[in-house]
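Below are the chains, spelled out letter by letter.
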Number of protein chains: 2
Amino acid sequence: MTKWVYNFGGGKAEGNATMRNLLGGKGANLAEMNNIGIPVPAGFSITTDVCTYYQKDKKYPDELKQQVNDAVSNIEKVMGGKFGDVTNPVLLSVRSGSRVSMPGMMDTVLNLGLNDETVEGLAKHSGDARFAYDSYRRFIQMYSNVVMGVDGEHFESVLEEVKEKNNYSSDTEITADEWKAVIVRFEDIGKELGKPFPQDPNEQLWGAVSAVFASWNVARAVTYRKLNHIPGNWGTAVNVQAMVFGNAGEDCATGVCFTRDPATGENAYYGEYLVNAQGEDVVAGIRTPRPMSLAAKLEAKSNAPSLEEVMPSLYKELCDVREKLELHYKEMQDMEFTIQHDKLWMLQTRTGKRTAAAALRIAVEMVHEKLITKEEAVLRVEPDSLDQLLHPTIDPEAKRDVIGTGLPASPGAASGMAVFSAEDAEKWHEEGKKVILVRIETSPEDIGGMHVAQGILTARGGMTSHAAVVARGMGRPCVSGAGDVKIDYKTKQFKAGSIVIKEGDIITLDGSTGEIMKGELSMVEPELGGDFGELMAWADEMRTMKVRTNAETPEDAKQALKFGAEGIGLCRTEHMFFDPKRILAMRQMIIADDEAGRRAALAKVLPYQRQDFVDLFTIMEGLPITIRLLDPPLHEFLPHTLEEQAEIAKDLGVDVALITESVTSLHESNPMLGHRGCRLGITYPEIYEMQAQAIFEAAVEVFKKTGSTIVPEVMIPLVGHKLELEMMREVVDVTAKKILKEAGVEMEYQIGTMIELPRACLTADKIAESAEFFSFGTNDLTQTTLGMSRDDSGAFLKIYQDKGIYERDLFASIDVDGVGEMVRIAVEKGKATRPNIKLGICGEHGGDPKSIDFCQSVGLNYVSCSPFRVPVARLAAAHSAYNAKKA
Amino acid sequence: MTKWVYNFGGGKAEGNATMRNLLGGKGANLAEMNNIGIPVPAGFSITTDVCTYYQKDKKYPDELKQQVNDAVSNIEKVMGGKFGDVTNPVLLSVRSGSRVSMPGMMDTVLNLGLNDETVEGLAKHSGDARFAYDSYRRFIQMYSNVVMGVDGEHFESVLEEVKEKNNYSSDTEITADEWKAVIVRFEDIGKELGKPFPQDPNEQLWGAVSAVFASWNVARAVTYRKLNHIPGNWGTAVNVQAMVFGNAGEDCATGVCFTRDPATGENAYYGEYLVNAQGEDVVAGIRTPRPMSLAAKLEAKSNAPSLEEVMPSLYKELCDVREKLELHYKEMQDMEFTIQHDKLWMLQTRTGKRTAAAALRIAVEMVHEKLITKEEAVLRVEPDSLDQLLHPTIDPEAKRDVIGTGLPASPGAASGMAVFSAEDAEKWHEEGKKVILVRIETSPEDIGGMHVAQGILTARGGMTSHAAVVARGMGRPCVSGAGDVKIDYKTKQFKAGSIVIKEGDIITLDGSTGEIMKGELSMVEPELGGDFGELMAWADEMRTMKVRTNAETPEDAKQALKFGAEGIGLCRTEHMFFDPKRILAMRQMIIADDEAGRRAALAKVLPYQRQDFVDLFTIMEGLPITIRLLDPPLHEFLPHTLEEQAEIAKDLGVDVALITESVTSLHESNPMLGHRGCRLGITYPEIYEMQAQAIFEAAVEVFKKTGSTIVPEVMIPLVGHKLELEMMREVVDVTAKKILKEAGVEMEYQIGTMIELPRACLTADKIAESAEFFSFGTNDLTQTTLGMSRDDSGAFLKIYQDKGIYERDLFASIDVDGVGEMVRIAVEKGKATRPNIKLGICGEHGGDPKSIDFCQSVGLNYVSCSPFRVPVARLAAAHSAYNAKKA
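Residues numbered from 1 in each chain as written. Chains lettered and ligands numbered in written order. Predicted model: local features only at pLDDT ≥ 70, side-chain atom pairs only at ≥ 80, totals over all residues. Heavy atoms only, no water.

Across its full length, chain A holds 35 helices and 34 strands. If you line up chain A on its principal axes, its C-alpha atoms span 105 × 60 × 55 Å. Per-residue burial over chain A gives 57% buried out of 887 residues. Here the analysis covers contacts within chain A between residues at least 6 apart in sequence; of these, 67% occur between residues at least 24 apart. (Helix = DSSP H or I, 4+ residues; strand = E, 2+ residues; numbered from the N terminus. Buried < 20%, exposed > 50% of the residue type's maximum accessible area, 1.4 Å probe, protein only. Contact = heavy atoms within 4.5 Å.)

Laid out in structure tokens, this is it:
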């Protein structure tokens, strides 16, 4: 005979904490508390199997009825009283309980077992008629609504009428007799609607159980599950438990508490309670809850008496429970308790939610307290949550005057004056002003302005738009794709709803939430104390993948080193060309009509580019640096307005028509799929030659100066055919060998490619013949595999997520089935040709924990991400290594 | 002992025609002619194996020397005379001969064996001292140049000097004695340069043999092989043969002839000859060659005597050779002959090149003559060559004043006045003028103008740019991507080099060559006679794949039916929306801000769209039609200039700002990767709903009217995730079922998808769950797999082809290793889920023979191409079926 019902109460239980899947989280923990001697009102859990059985067969298993009857008898035995008894009735609560918490999504029925007769018994037994009738009318109201489907409005209007007639301002003023009259009217409502409230306690019980099971499939629960990736076939358990009352007199109380401070992680009892109140009163905020401990009371400078003062022995008992639970679960617990006539009952315990800072502190301290291992500590901190700790954030106390929202594109917060062009940003910055750069979207030309800005706001572009990627790379807060923000460059202002922000007006961005606020808000600086360093060191011991950073400026490289980067996985050389001193020579190269002209212009860029690499090699002190040769289409270096073109023509001493003609002839319909990457190197090998020269001359210079072992990794972008790589490899090889020979230096170096095209993945076996490493450029690989531009997908990707087609932002978290499959194919083919090929990822996904998990699963050697994501990646890689070991 | 040398001569040979790989084409055919009793000067072939041996080991096989000596003895025996003999010297020619003809790429040495002594023998034996010394000096000149590497200039300057001194206008005036003096000076040249001409005939022979082998690897030969995909390891054979002279007197002659007319295919002897001349004289055009037959002479109204008249018995002998060779080879032959003192020698025979029309006629007539089978006939006609036959072409006699060239984007030729906007094209067309539409590039808005134009010229865009694709679809000639054409819309003119073409100037385009010409050229209309129909019927019997067409207009559909299309593989519904009557409603839909607004606008489009399908279903009479739902991004329907926006705002009765805002907010950086395809259907399901309604209402209407069995195939574009297809399938299904139920009609229909994204290929197993068919959209699949925009790739793809990275235009011929692999994966996965899934291709590649071969190899059920490619595809599919059967 299948066991469908699990009893608990009186210090023993048939279930335990490991039986979450069968009993739900709540039921499993209630059983566990019983088992370890913590006072819990007796009850039973009807298993999740019943839920799935019921969903499938539209009826209950035959044995269920008898098992429930027996379980009710057990409650009566443990708690005293009888269910449905007219003198000492046991009342029951009926609650849902799924494997994972789905707060507020499913139904609950309280005070079950009351009827016109048992209410009298409750009144007599409790000696409090008002309490009894109030409980009864609450039950009728709740039951009629939840189980019978009567609209709550009907009951509310009766209550309003009664209060109005008696001039009462709140329900609490209604007397026992008045409640009796209300109850009659409540019962009439159901009758009139053909949905009469049942007097039979057993009928009540089965009605409530069925309603709770049915609530697993109400629309809001289904939606919640979809959003949280919870399978519908898990089902819910139903927990039936004897009622205890915190509102049955002045010797009663109820409260919620945490074993440690969920905000700071401090190892101190934290909680709130109310005397003579029900659980919902503590949460609802009608009465102000009081601090549990004297210490907390003093710290909060509160006048309200603490539980420690009011009920010292019960407080002591609660402290014992706290200690017992934490020692038992070895995790911070979030508990609910009720004190009924000086007796403590625990109603729930579960793992407590906490801030990132608290999670970190609790994990580290629990290791010190020998409660958990270092590995467990590392696994307890969500990698993504670290992001909160690494950037200045808005003071939680500050008032937020939100005028619009966009995507939380780069974390952290910043205030400054709104400016509408990169040029203005730089000008104002020189004048000592703090600015926020506001653009419809950004382009590489804006890099200078972005650099000096405190934060960046764009009206267009997704999580991996230019603005977002660059901002994250720089560690600048950024809100992107704020569709409601209407920017007018001409008048230098933007509108967000009815609010107009003019140039110079101060705004604040929260890059972690996507909020845009008017005015300046106070900030909190990140504190990366010892706990952070300690946990990260443990994480580093666990992980098997290296973590590099995507960086090209000395500032970024230094920042990343501070955050623990073990090399540079992607140094984009084009960002270096946008410097005003260099871009003129770049432009001269672009308009040159022969190789000699291009070489002359490139010769001017060479010393700058060489110095870039000297700086990076020096900073990174022998750590590996993957340098990607020029990637973007050349038109990105040319200006688009006629005014700017005229200016450049003057600077270069050429006719403006020449510039305009270049701009026109270089224009591309789909620049993402255009003349870029190694296609530039194939058409103008002299560009890559100059870059190779700069790299190896710099490497030689730094080697001679510092003696560091430098192993430059030269990366050829956008390879789709093995011959592209072979030809570009030849250009780099010849240059490198010449320079090293002339310098009399022996130096290892590697040449590899960015794998970012489906064709490269499918022919990776061929490409690996000439590649010492593959670095997966999953940004572009996502764009090509899905045929989806990251800049343009904002218009529909949100709808795709809403409809559940793609669960996550594809540009933030790798599409495992599509792009991941591409990567898997490439890894397999690449290794078939060259078993020891070095494999890494340098797309945005390199900083995303889910994607890092994927990288571990396919056997990459390292991930690379923007400097501020390095700690996240280090922690995530530790989790991934653990998951892989377990699998 | 390996046999390195194969003798022929005197009516027998050691080789034969099947030994091309070993003896080269020339050597194999010389042997074959011997075997079938045709007079050929004796000689021998040194095998291609010697070439590869020599390349590898840098020396000859040991046995070679003896084998060559023996072979020379054989020549002496057969021809009389002795090699190096002073009284009756045998002279030799040394020629290359690879498996396939590489005309002019490798070296030749003639008159070998002459030296200061043997020349006297030749003079005496021939009785013509001038002939002997002229031959000798030619030999020294050729040998010194080819074998010794002496610059030909040295000899030419001596000749110039002699002619000047004697006041001669040509070499032929130089006397025997003068030649003697020249010979002394020629010999001195080599001596002075340290490259003396060798007197020893054997040394001469080995020098020449080595030079010919070495010429296999000279730069021009290597390049030629690369361009023609000939492997370098094939090597060349060397043919050494006794010299015969057509220039040894008036009883000598030389000529070139074909067994049938290579221009028309007529079964008539066709050829030219000259008396007392060498082979090169016939080709070089210094003397005008004479017609072979009397009939040809009469037809050409020539006064020159025919060979039939001059040497009737030799002519008769040649006619016998012609008959013998054609009967033997069962193929039209191209032959060279020499008559030496009234004796006929055949020097070469090979399969003759011919025009497309001739190929067709010869193939069909040879079947009627029972020379070859129908299958052989089908295989003898190059599918691509049919293109020449299906369009009007420029009269071959017309003088071409070429002012620029672009890509031969759509075949055929057209003349007309240049206009620079689609609007002007339509206006001028209404005024009865013939126009050529000249645009930098075209967009869907230009469709009306393209339709009325005679031809289309664009400065930008590849073989599959919008202009090219649409033009091919319409059968309009098009030259695209003419980079040298600088178009100025403002002044309405373009410059090509120094030539300026103004609006209204007449130009002619040759879409088959890419040439742009000034003025009007006369045209030749295509004649699709009985041969064409007969051959196509044979092809249809052979092929296993169906051939459909890409068409959406009644004109195209009718044209395609005429060309034998078996259905429509791609009906693009968006082209239907650009009609002026409909586009306003489309625009109204786009600017609508809610579903109701969109539905109202769509309701206006519905009747038009329904009529489109009524027309197509009626025309196609039950043949399958695959209808693709709306695909392009919505911004393609909006105009880009402010003037046009203002006009539309007026038409729609809205503020222009609203239109401008729509244009701005719909702008995309990479429209190819943007909000298009089923992404439109997912965000605005009402669009696809309207289209489904139009399709099924039309199907019902036509079914009721005609009784044709109609099986609509509804195609959802740009699917990347199975849920996209599932959701859109639901929209179409619901609509279809409702309409069919209301009409009381039972009708099968299919819903499938276009496979055009790598992600779709990798997840084809999942997608096939909801797809009854896959149609490979290899245009977009090429763009995404390679990350290469077809519109932007013009800037570098040419260079890629030049450098040998990609051999062919990727958008014209499928990239088998990359895109093909994608298709292969999708086919395999799709069939795993749904073994009987219908598979087709509707990209541009569907009309390309190489790609059709690929389609056959992966097991597609049909190919679909533009109407004018349908015959090409039918023939290519027959070839592919044959290749598959053979493999």
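Past the structure itself, the notes keep going.
This paragraph deals with the interface of chain B and chain A. With 52 residues of chain B at the interface, the matching set in chain A holds 51 residues. With both chains or domains summed, chain B and chain A bury close to 4,400 Å², and 58% of this area falls on carbon and sulfur atoms. On the surface where chain B and chain A come into contact, there are two salt bridges. Of the charged contacts, one joins Arg759 of chain B and Asp815 of chain A as a salt bridge, the two residues approaching to 2.6 Å between their closest N and O atoms. Inspection of the region where chain B meets chain A yields 24 residue pairs in polar contact (both at pLDDT 80 or more). Put simply, the parts of the chain that give the side of chain B that touches chain A at least two residues each are α25 (656-666), α26 (678-683), α28 (722-743), α29 (758-762), α31 (778-786), α32 (794-802) and α33 (816-833) of chain B. (Buried area = accessible area lost by both parts, 1.4 Å probe. Salt bridge = Lys/Arg side-chain N within 4 Å of Asp/Glu carboxyl O. Polar contact = N/O pair within 3.5 Å; in protein donor to acceptor, adjacent residues only side chain to side chain.)

Before going further, it helps to spend a moment on the sheet that holds strand β2 (residues 12-13) of chain A. Sheets are built from strands paired through backbone hydrogen bonds, the pairs being either parallel or antiparallel. Residues and elements named next belong to chain A. Strand order in the open sheet formed by six strands is β2-β1-β3-β8-β6-β7, and the pairing between neighbours is antiparallel. Of all strands in the sheet, those bounded by a partner on one side alone are β2 and β7 (108-112). Of the pairings in the sheet, the one linking strand β1 (residues 5-9) to strand β3 (residues 43-46) comprises four bridges and is antiparallel in character. By the bridge assignment, Tyr6 is partnered in β3 with Ser45. Each of β1, β2, β3, β6 (92-98) and β8 (236-242) touches helix α1 (residues 20-35); the most contacted strand, β8, lies at about 40° to it. Of the strands in this sheet, β1, β3, β6 and β8 are in contact with helix α3 (residues 64-79), which crosses β1 at around 0°. (Pairing = 2+ DSSP bridges. Axes fitted to C-alpha atoms, helices over the stretch in contact; angles between N-to-C directions.)

So, on to unusual backbone geometry. Glycine aside, the phi torsion of most residues is negative, and most peptide linkages are trans. Residues and elements named next belong to chain A. Within the chain, Asn111 stands out as a residue other than glycine whose phi angle is a positive 65°. Along the polypeptide, Asn111 turns up in strand β7. Under the relative-accessibility criterion, Asn111 is labelled buried at 4%.

Overlaying chain B on chain A yields an RMSD of 0.1 Å, the required transformation being a rotation through 180° with an accompanying axial translation of 0.1 Å. With respect to symmetry, the two chain copies, as superposed, fit the operation of a two-fold axis. No C-alpha of chain B lies nearer the rotation axis than that of Asn670 of chain B, which sits 2.1 Å from it. The overlap is high: 96% of the interface residues of chain B also sit at the interface in chain A, so the same surface is used on both sides. (Least-squares fit on C-alpha atoms with pLDDT ≥ 70 in both.)

All told, the structure shown has 114 salt bridges over all chains when counted by the stated rule. Glu772 of chain A is the salt-bridge partner of Arg729 of chain A, the closest N and O atoms lying 2.9 Å from each other. Highlighted residues: Arg729 of chain A in helix α28 (residues 722-743) and Glu772 of chain A in the loop between α30 (764-767) and β32 (773-776), separated in sequence by 43 residues. Judged by relative accessible area, Arg729 of chain A falls into the buried class, the value being 18%. In this structure, Arg869 of chain B and Asp384 of chain B form a salt bridge, with 2.7 Å as the shortest nitrogen-oxygen distance. One end of the pair, Arg869 of chain B, is in the loop between β34 (862-865) and α35 (870-886); the other, Asp384 of chain B, is in the loop between α15 (374-380) and α16 (387-390), and 485 residues separate them in sequence. Take Arg869 of chain B: its relative accessible area is 15%, and that puts it in the buried class.

Within the secondary structure layout, Glu686 of chain B lies in helix α27 (residues 685-706). Leaving out residues up to four positions away in the same chain, Glu686 of chain B has contacts with Glu595, Arg598, Arg599 and Leu602 of chain B.

All names here are of chain B. By the criterion of burial, strand β27 (residues 546-550) is predominantly enclosed, with four of the five residues buried. Two elements, β27 and β34, share four bridges in a ladder whose sense is parallel. Among the inter-strand pairings, Thr549 is bridged to a residue of β34, identified as Cys865. Bridge count for β27 against strand β28 (residues 568-572) is two bridges, and the pairing is parallel. Looking at β28, one finds that Asn550 is bridged to Leu570.

Before going further, it helps to examine the packing of helix α22 (residues 580-591) of chain A against helix α24 (residues 642-652) of chain A. All names here are of chain A. The interhelical angle for the contact between α22 and α24, taken along N-to-C directions, is 90°, at an axis separation of 11 Å. Classified by the angle their axes make, α22 and α24 are roughly perpendicular. Side by side, α22 and α24 meet where Leu584, Arg587, Gln588 and Ile591 of the first sit next to Ile648, Asp651 and Leu652 of the second. (Parallel < 35°, antiparallel > 145°, perpendicular 65-115°, else oblique.)

Residues and elements named next belong to chain B. The residue Ala881 is located in helix α35 in this model. Expressed as a C-alpha distance, the spacing of Ala881 and Phe563, which sit 318 residues apart in the sequence, is 20 Å. Setting aside its immediate chain neighbours within four residues, Ala881 contacts Met542, Arg543, Thr544 and Gln856.

Residue and element names in this part refer to chain B. Pairing is parallel in the closed barrel, where eight strands are placed in the order β27-β28-β29-β30-β31-β32-β33-β34. With strand direction ignored, the average angle separating the axes of adjacent strands in the sheet is 25°. Alignment of strand β29 (residues 625-628) against strand β30 (residues 712-716), held across four bridges, turns out to be parallel. Paired with Thr626 across the strands is Glu713, a residue of β30.

Here the focus is the packing of aromatic side chains. This structure, assessed with the given rule, holds 42 aromatic pairs over all chains. Between Phe774 of chain A and Phe776 of chain A, the ring centres sit 6.3 Å apart and the planes meet at 80°, which makes this aromatic pair edge-to-face. This pair shows no difference in class: Phe774 of chain A is buried, exactly as Phe776 of chain A is. On the basis of an interplanar angle of 85° and a centroid distance of 4.8 Å, the ring pair of Phe131 of chain B and Phe245 of chain B is categorised as edge-to-face. Of this pair, Phe131 of chain B sits in helix α5 (residues 129-146) while Phe245 of chain B sits in the loop between β8 (236-242) and β9 (253-258), placing them 114 residues apart in sequence. For the pair formed by Phe131 of chain B and Phe245 of chain B, the shared burial category is buried. An aromatic cluster of three or more residues is present, and its members are Tyr54, Tyr60, Trp206 and Phe213 of chain A. The cationic tip of Lys3 of chain B hangs over the ring face of Tyr6 of chain B; the distance from NZ or CZ to the ring centre is 4.9 Å. A cation over a ring is seen here: Lys343 of chain B above Trp345 of chain B, with NZ or CZ 4.3 Å from the ring centre. (Phe/Tyr/Trp six-rings, centres within 6.5 Å; stacked < 30°, edge-to-face > 60°. Lys NZ or Arg CZ within 6 Å of the ring centre and 35° of its normal.)

Another aspect to go through is the confidence of the model for chain A. Per-residue confidence for chain A averages 92 on the pLDDT scale, and 99% of its residues sit at or above 70. Scored as a complex, the prediction yields pTM 0.83 and ipTM 0.82. (pLDDT = per-residue confidence, 0-100.)

This part is about helix α8 (residues 201-214) of chain A. Residues and elements named next belong to chain A. Under the 1.5 Å per step criterion, the end-to-end length of α8 is 20 Å for 14 residues, consistent within 8% with the ideal 20 Å. Taken across its 14 residues, α8 has 11 buried, putting it largely inside the fold. Of the positions making up α8, those classed as buried are Pro201, Gln204, Leu205, Trp206, Gly207, Ala208, Val209, Ser210, Ala211, Val212 and Phe213. Looking at where α8 begins, the residue whose side-chain oxygen comes 2.9 Å from the main-chain nitrogen of Asn202 is Asp200. (Expected span 1.5 Å × (residues − 1).)

Another aspect to go through is the pairing of strand β31 (residues 750-755) of chain A. Residues and elements named next belong to chain A. With respect to burial, β31 is a largely interior element, six of its six residues being buried. Strand direction decides the pairing type here: strand β30 (residues 712-716) and β31, joined by four bridges, are parallel. Bridge pairing in β31 places Glu713 opposite Gln750. Following the backbone out of β30, through α28 and into the adjacent parallel β31, one traces a crossover that is right-handed. (Right-handed = clockwise from strand over helix to strand, strands pointing away.)

Right, let's get into the packing of helix α21 (residues 554-562) of chain A against helix α23 (residues 595-620) of chain A. Each pair of packed helices can be summarised by the angle the axes make with each other and by the distance between the axes. Residues and elements named next belong to chain A. α23 packs onto α21 with a crossing angle of 10° between their chain directions and a minimal axis gap of 10 Å. Considering the angle they form, α21 stands roughly parallel to α23. The crossing of α21 and α23 is right-handed. Of the residues in α23, those touching α21 at Pro554, Ala557, Lys558 and Leu561 are Asp615, Leu616, Ile619 and Met620. Split by residue class, the contact of α21 with α23 holds six nonpolar, no polar and two charged. (Left-handed = near helix turned anticlockwise from the far one by under 90°. Nonpolar A, V, L, I, M, F, W, Y, C, P; charged D, E, K, R; others polar.)

So, on to the state of the cysteines. In total, this model carries zero disulfides over all chains according to the counting rule given. With no disulfide of its own, Cys257 of chain B lies 9.0 Å from the sulfur of Cys319 of chain B, the closest cysteine sulfur. (Disulfide = S-S within 2.5 Å.)

With respect to the secondary-structure elements, Ser789 of chain A resides in the loop between α31 (778-786) and α32 (794-802). Classification of Ser789 of chain A by relative accessible area gives buried; the value is 0%. Remark: the alpha-carbon pair of Ser789 of chain A and Asn779 of chain A, spanning 10 residues in sequence, is separated by 9.6 Å. Setting aside chain neighbours within four positions, we find Ser789 of chain A in contact with Gln783 and Phe811 of chain A together with Asn670 and Leu673 of chain B. In this structure the side chain of Ser789 of chain A is engaged in a polar contact, spanning 3.2 Å, whose partner is the backbone nitrogen of Asp791 of chain A.

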